[in-house]
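Coordinate inspection notes
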Amino acid sequence: MRCASAEAGVAMFIRFQPTIEWVNHFVGWFIPAEMNGDREKQKQAKMFLFSHIFGPFIGNVIPAAIYVLDPHPTYDVAILALSITAFWVFPFVLRWWGHYEALVILSVQNLIFCILWSCYFYGGVTSPTLSWVLTIPLLAFFYIGPHSRLRMVLLGLFLFNFVAFTAVYVVDPTGGKHLPLASLQGLGLVSTTCTGIYVMMMAIYYAKILASGAELEAEARQHLATSVALRQAALEAERAGAAKTEFLAKTSHELRTPLSAILGYSKLMLEEAVEEGDTHSVPDLENIYGAGQDLLKLINEILDLAKLEAGRMELFIETCDPGAIVGDVAQDYIEAARRKRTEIVFDLSRAPKECLCDIQKVEETVGQLLDNAVKFTENGKITVSVEQKITGSRADLVIAVRDTGIGIARDVIPSLFEHFTVSQDSSSSKYGGTGLGLALCQRYCRLMGGHILVESTVGEGTCFTVQLPWKPGENTAEPLPGATQALQFAAA
Amino acid sequence: MPKILIVEDNEMNRDVLARRLQRHGFSIYCAEDGPSGISAAERERPDLILMDIALGEMDGWEATQRIKASPATADIPIIALTAHALASDRQRSIEVGCAGFETKPVDLPRLLSKIEACLAPTNYRAIA
């Protein structure tokens, strides 16, 4: 609803925009730069400029009418016309000289002079041009606003002029010209019409300025309110997210303590059963222990993911031998691979002797990749290679785990690194796994400033490549050319 | 027979760890909090201490610092045990003087290899 009304407001605003915009643009050209900061001042300057640019067109109708209606026009008409035309100078003076307040005083003085001058010469206190006196307070209000010390100055100016006029009139009431009644009537008609048009013009422009200002203000207020609400919502979401992560981390942590006991006791009983030759209990105890290990792995993964997402996962960088790390991790999978008639071979010929890395995270990543490779490969080969890749000033550690397994379907690859994704046709009951492992691997690699790539062809095999910067955690912002995406597709 | 002191507040964890280590030929002493761990270290002079970090009022780090501060027990290697796998916990453990750091639940083969590594220099010093 709020949006709809805002749109209607904008539409309305746009509809009367063109004319006012053109006038504003024209008028705005004369506003000196130093007045641009204050919106109220700007509004007053606009009124001042508007009346000075368009006013003389209407004002000069009066001397023109006098010239036509007066059977013997004299110098006083020329002076009146000159004074009215002088108003056109004001915008330029404002633009080049500034001093708005001084110009306002001068302008009001000129206006009073024009009016009283014409009154004195054409009809005195009953002059048909007397109606223009009404424009003086009106214009003064437009020019200086309701709260200004200038008000007193202008009031003083008006009183001074009025007293002077009265004095001159009292001293020499016959100084004026004596126009025929018909001429005075004609002048009255023209003068009143012009006053009306002039006052109306000023009032309309004032209303438009006011309306456009109010429109803009309402818009701005609405935008402000929306942005405040958005910020609030974002903050709340963040807080809720943090609470969720905190809860997950705490729960996972609390789960590990009783699980410790289950794992410890079942392992103890298993060892004792094996020693005592209790073959009946061994498989059951193995199942308890195995299930406990699976549960532990899952809890650890959830805990790690929660930590990663909360930004609380830290790096522990040490100097290490990457070939040895990979070899040690692979030892744990050789037996499982052998059971599936799969061989694990190493290519460590180009491995650096030492590098800097977070051993634990590299171990977990490589372990996860090997776990996957063994899971999806039968009667095949898994090749683990470690090498150093030098590109320009960068020396990256590249660990690849390549298998000859079932491969990954193209449509699955994009979601491979999301939480809880296991290949559709390979149900977790057959292959096991939570689908958290690869999500973790990718986040570990990113945390260390590297990335993980996957290439796969269904039926031929999969290759996961981990690329880590020489100094983990640094130069995260410059991925290698062609590796801006976490995924690469091999031609199927 | 090397003597190991286990400082751990969870009864089941303490019991199962003690029994599993006994099976590997260690003689085990147990303490359930920081202060009793410190006094047990002074009394029994174990060859190694397994120190839980989350111990309640006096945490494992403080207990370690006190044991390391006393000349009588300063040479006993201490392996920190914690359910937190945070790198900062590991850093802190090393700073207070622990010789090693293990996460719980304990992976016994890995813990055993760390225990052996810690006991080796002690043996060497004893021979020397």
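Structure report, in brief. (Residues numbered from 1 in each chain as written. Chains lettered and ligands numbered in written order. Predicted model: local features only at pLDDT ≥ 70, side-chain atom pairs only at ≥ 80, totals over all residues. Heavy atoms only, no water.)

**Some thoughts on the overall build of chain B**
- Across its full length, chain B holds 5 helices and 5 strands.
- Traced from its N-terminal end to its C-terminal end, chain B shows the element sequence β-α-β-α-β-α-β-α-β-α.
- Each of the 128 residues in chain B was classed as buried or not, and the buried ones make up 50%.
- Excluding contacts between residues fewer than 6 apart, the proportion of contacts in chain B whose partners are at least 24 apart in sequence is 61%.
- Only carbon and sulfur atoms are counted for the fraction: they give 51% of the accessible area of chain B, which is about 6000 Å². (Helix = DSSP H or I, 4+ residues; strand = E, 2+ residues; numbered from the N terminus. Buried < 20%, exposed > 50% of the residue type's maximum accessible area, 1.4 Å probe, protein only. Contact = heavy atoms within 4.5 Å. Areas by Shrake-Rupley, 256 points an atom, 1.4 Å probe, with all protein chains shown as cover.)

**Quick word on the sheet that holds strand β5 (residues 394-403) of chain A**
Residues and elements named next belong to chain A.
- Pairing in this open sheet of 5 strands is mixed, and the strands run β2-β4-β5-β7-β6 from one edge to the other. The sheet terminates laterally at β2 (343-347) and β6 (451-457), the two strands that pair on one side only. For this sheet the average axis-to-axis angle between neighbouring strands, irrespective of direction, equals 15 degrees.
- Relative to strand β7 (residues 461-468), β6 runs antiparallel, the two sharing 7 bridges. Bridge assignment links Ile452 to a residue of β7, and that residue is Val466.
- Lying on the sheet, helix α12 (residues 322-339) is in contact with β2, β4 (381-391) and β5; it crosses β2 at an angle near 170 degrees.
- Along the sheet face, helix α15 (residues 437-447) touches β6 and β7 and points at about 135 degrees away from the line of β6. (Pairing = 2+ DSSP bridges. Axes fitted to C-alpha atoms, helices over the stretch in contact; angles between N-to-C directions.)

**A word on the packing of aromatic side chains**
All names here are of chain A.
- Tallying each qualifying case throughout the model produces 24 aromatic pairs over all chains.
- Aromatic side chains Phe57 and Trp88 sit 5.0 Å apart centroid to centroid with 70 degrees between the ring planes, which places their arrangement in the edge-to-face category. Note that Phe57 is positioned in helix α3 (residues 39-59) and Trp88 in the loop between α5 (75-86) and α6 (89-97), a separation of 31 residues in sequence.
- When its relative accessible area of 29% is taken as the criterion, Trp88 is described as partly exposed.
- Grouped by ring-pair contacts, the aromatic residues Trp22, Phe26, Trp29, Phe30, Phe92 and Trp96 constitute a single cluster.
- The lysine or arginine in question, Arg95, covers the ring of Trp29, its NZ or CZ lying 4.0 Å from the ring centre.
- Sitting over the face of the ring of Tyr289, Lys267 holds its NZ or CZ atom 4.8 Å from the ring centroid. (Phe/Tyr/Trp six-rings, centres within 6.5 Å; stacked < 30°, edge-to-face > 60°. Lys NZ or Arg CZ within 6 Å of the ring centre and 35° of its normal.)

**Here we look at unusual backbone geometry**
- The step from B:Lys104 to B:Pro105 runs through a cis peptide bond, and the omega angle for that step is 0 degrees.
- Among the secondary structure elements, B:Pro105 is positioned in the loop between β5 (100-103) and α5 (108-127).
- Phi angles above zero are rare outside glycine, and A:Arg341 is one such case at about 50 degrees.
- Here A:Arg341 shows up in the loop between α12 and β2.
- Not every positive phi belongs to a glycine, and B:Arg45 is a case in point at roughly 45 degrees.

**Here we look at the pairing of strand β2 (residues 27-31) of chain B**
Residues and elements named next belong to chain B.
- Strand direction decides the pairing type here: strand β1 (residues 3-7) and β2, joined by 5 bridges, are parallel. What sits directly across from Lys3, in β2, is Ser27.
- Handedness of the β1-helix α1 (residues 11-23)-β2 crossover: right-handed. (Right-handed = clockwise from strand over helix to strand, strands pointing away.)

**What about the sheet that holds β2(B)?**
Residues and elements named next belong to chain B.
- Strand order in the open sheet formed by 5 strands is β2-β1-β3-β4-β5, and the pairing between neighbours is parallel. Each edge of the open sheet carries a strand with a single partner, namely β2 and β5. On average, each strand axis in the sheet is tilted by 20 degrees relative to the strand beside it, whichever way the strands run.
- Inspection of the sheet shows β1 paired to strand β3 (residues 48-52) by 4 bridges, in the parallel sense.

**Regarding the packing of helix α11 (residues 282-309) of chain A against α15(A)**
Residues and elements named next belong to chain A.
- For the pair α11 and α15, the least separation of the axes is 10 Å and the interaxial angle reads 40 degrees. On the basis of their axis angle, the class for α11 and α15 is oblique. Between α11 and α15 lies a crossing of left-handed hand. On α15, the residues touching Glu301, Asp304, Leu305, Leu308 and Glu309 of α11 are Gly437, Leu440, Arg443, Tyr444 and Leu447.
- For the contact of α11 with α15, the residue count by class is 5 nonpolar, 1 polar and 4 charged. (Parallel < 35°, antiparallel > 145°, perpendicular 65-115°, else oblique. Left-handed = near helix turned anticlockwise from the far one by under 90°. Nonpolar A, V, L, I, M, F, W, Y, C, P; charged D, E, K, R; others polar.)

**Some thoughts on α5(A)**
Residues and elements named next belong to chain A.
- For α5, spanning 12 residues, the distance from its first C-alpha to its last is 16 Å, which sits close to the expected 16 Å at 1.5 Å a residue.
- Regarding α5, the residues found buried are Asp76, Val77, Leu80, Ser83 and Ile84. Buried residues in α5, looked at end-on, bunch into an arc of 130 degrees, giving them a common side. What points out from α5, more than 90 degrees from its buried face, is the exposed set Tyr75 and Leu82.
- Where the residues of α5 are buried, they touch α3, α4 (61-69) and α7 (100-121). (Expected span 1.5 Å × (residues − 1). Arc of directions from axis to C-beta.)

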